[in-house]
Amino acid sequence: MNVVFAVKQYIAKMIEESGTGMKVLLMDKETTSIVSMVYTQSEILQKEVYLFERIDSANRENMKHLKAICFLRPTKENVDYLIQELRRPKYSTYFIYFSNVISKSNVKSLAEADEQEVVAEVQEFYGDYIAVNPHVFSLNISVCCQQVITKEYELFDFRRTEVPPLLLLLDRSDDAITPLLNQWTYQAMVHELLGINNNRIDLSRVPGISKDLREVVLSAENDEFYANNMYLNFAEIGSNIKNLMEDFQRRKPKEQQKLESIADMKAFVENYPQFKKMSGTVSKHVTVVGELSRLVSERNLLEASEVEQELACQNDHSSALQNIRRLLQNPKVSELDATRLVMLYALHYERHSSNSLPGLMTELRNRGVSEKHRKLVSAVVEYGGKRVRGSDLFNSKDAVAITKQFLKGLKGVENVYTQHQPLLHETLDQLIKGKLKDNQYPYLGPSTLRDRPQDIIVFMIGGATYEEALTVYNLNRTTPGVRIVLGGTTIHNTKSFLEEVSASGFRGRGADSSQGPARAASRRLN
């Protein structure tokens, strides 16, 4: 199962079915993102698609020499745009492909509008998702869609296999820890600190950024360095960039420069325009890694992350409390990072006999943390606290002290800690072994959870994370005969997760309340 390949195949088939000749690709806002995630413009041009247009654009010219390939979501708005288009067609022939189910009444409306008989094809190609990685997809939405499995049951009559594909629906509230943690693998770290939006990274606020790097694209499909390094740790990324630069220096002996730190690399790129021209991809990554390094230092993230890992993976209340209080006194720790430490404490030690949450809330207020952020502490507990969770995130096996993984790298890239594993890892491990409990994970269909699955589609309602994507990637590599794909309503970093918590109606009580968390209504899937 490869979700990137599936979308590419759909698009290739659309273009092939239109035959030879010049074509225009007519899309909406969402399908534009779907296509741009898997194809570059130059790749599409090679398939005789010479123009890219939006269906909602009012200023398109008449071009009767072009065939139109329409790839659209089956929304009422798009159907209305198509009806207007067909009544006054701008192109010679229309091949219409909807990314999801289109009703018979809408097809009838389109047929009635096609008085000039320019429509050659109407089909449903189910590429209605953002293909993030080969094993990760997102719907790019913050609320759930209405399910249509019962209504359109014929569409779910999959190819017959010895063991049927398994769809595992999970609730984000079962694990509110994972989206609150700082990350140290490349893709996850970029999303946490800079934000990834359909493979695009906004670097416009980076000090001294050049015009050509204000927005960059990180795509494993078109960037070999990114594909090879997206799951590696931060220190390893720096080392690999350094190796590329040293290889360039070996081939250009006159252009020697000391490369011991990320700052040295940035200076190298600036001093040698020839290298930048020859290797734009590497210079892009030097810029990204340089900004990550700056933020890590500016926000004291190595120390903060170590305490986060302690809160997520160990059960030493006294040590955790002492470390949080120490960091809350550090002016380099940002408002967000201070608040997330208290959130992690609140989730872990919610029912501890020596719970000191009221005191920590007072310390947040005293250091000037806004009421908006302070309210989110209780909101996160309402969203994913013990009363809501179906699983125990902090069971006894987590009490064993986990050896810290020291990753030696460049100067300025110190030791990082990656002790934490998402709840998803244990859930999938139990599923693969046929040990998931039926009472915790009720199922529909003829098979049981005790059957060893071969194809697993995991969908996280409330949003997945790149740390969970890494978990799925590693399980796919180490579990022969099992293929796993992860999807979610969105792909979260901490900021988007907290927005999700607020949007779900959990806004927290008074920020300085010393009461225990109010009872939250369970949103568990039944």
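Analysis parameters
Throughout, a residue's number is its position along its own chain's written sequence, starting from 1. Side-chain atom pairs in this predicted model are given and counted only at pLDDT of 80 or more, local residue features only at pLDDT of at least 70, and totals for whole chains, interfaces and linings cover all residues. Just so you know, side-chain values use all the structure's heavy atoms and leave hydrogens and water out. A run of DSSP states H or I qualifies as a helix once it reaches four residues; a run of E qualifies as a strand once it reaches two. Both are numbered from the N-terminal end. When accessible area is computed with a 1.4 Å probe and restricted to protein chains, residues below 20% of their type maximum are described as buried, those above 50% as exposed, and intermediate ones as partly exposed. Every patch collects residues that have over 30% relative accessible area and no salt bridge, joining them within 9 Å if they carry like charges and within 5 Å if they are nonpolar side chains (Val, Leu, Ile, Met, Phe, Trp, Tyr). All accessible-area figures derive from a Shrake-Rupley calculation using a 1.4 Å probe, and residue coverage is judged against the displayed protein chains alone. Salt bridge, as used here: a side-chain nitrogen of Lys or Arg that lies within 4 Å of a carboxyl oxygen of Asp or Glu. The term polar contact refers here to a pair of N or O atoms within 3.5 Å; inside protein, the definition further demands a hydrogen-donor-capable atom paired with an acceptor-capable atom, and it admits residues adjacent in sequence only when both atoms are side-chain atoms. Buried Ala, Val, Leu, Ile, Met, Phe, Trp, Tyr and Cys residues form a nonpolar core when they are joined through side-chain atoms within 4.5 Å. Residue contacts are counted whenever heavy atoms from the two residues lie within 4.5 Å of one another. Two strands are counted as paired when DSSP detects at least two bridges linking them. Think of each axis as a best-fit line through the C-alpha atoms, taken over the contacting stretch in the case of a helix, with angles from 0 to 180 degrees between the N-to-C directions.

### With respect to unusual backbone geometry
For E48, which is not glycine, the phi dihedral falls at a positive 70°. Its place among the elements puts E48 in the loop between α3 (41–45) and β2 (49–54). Its identity is not glycine, yet E117 carries a phi of approximately 55°, on the positive side. Of note, E117 is situated in the loop between α5 (104–113) and β5 (119–124). Residue class for E117 comes out exposed when judged on its relative accessible area of 68%.

### Thoughts on a nonpolar patch on the surface
Residues M22, L45 and Y50 make up a contiguous nonpolar surface patch of roughly 270 Å² in combined accessible area. Structurally, the position occupied by Y50 is in strand β2.

### Some points on helix α2 (residues 29–36)
Listed in full, the buried residues belonging to α2 are T31, S33, I34 and V35. Its side-chain oxygen 3.0 Å from the backbone nitrogen of E30, D28 forms the N-cap of α2.

### Observations regarding the nonpolar core
Of all hydrophobic cores here, the largest spans 84 residues; its most connected members are V190, L292, L428, I456, V458 and I484. Sequence-distant contacts of V190, defined by excluding residues within four places in its chain, comprise G195, I196, I201, L218, V288 and L292. Within the second largest apolar cluster, 43 residues are counted, among which are A312, V342, L364 and L498.

### Quick notes on the environment of Y383
Relative to the helices and strands, Y383 resides in helix α16 (residues 371–384). Accessibility expressed as a relative area gives 1% for Y383, which makes it buried. Spatially, the C-alpha atoms of Y383 and D175 are 9.8 Å apart, while their sequence positions differ by 208 residues.

### Structural notes on the environment of L328
Among the secondary structure elements, L328 is positioned in helix α13 (residues 317–328). Ignoring any residue separated from it by four or fewer positions in sequence, one finds L328 in contact with A338, V342, L360, E363, L364 and R367.

### Some details on the sheet that holds strand β3 (residues 67–72)
Reading across from one edge, β2-β1-β3-β4-β5 is the order of the five strands in this open sheet, with parallel pairing throughout. One side of each edge strand has no neighbouring strand; the edge strands of this open sheet are β2 and β5. For this sheet, the mean inter-axis angle between neighbouring strands, taken without regard to orientation, is 15°. Here five bridges tie strand β4 (residues 93–98) to β5, and the two strands are oriented parallel to one another. Residue pairing across strands places F95 opposite E121, the latter belonging to β5.

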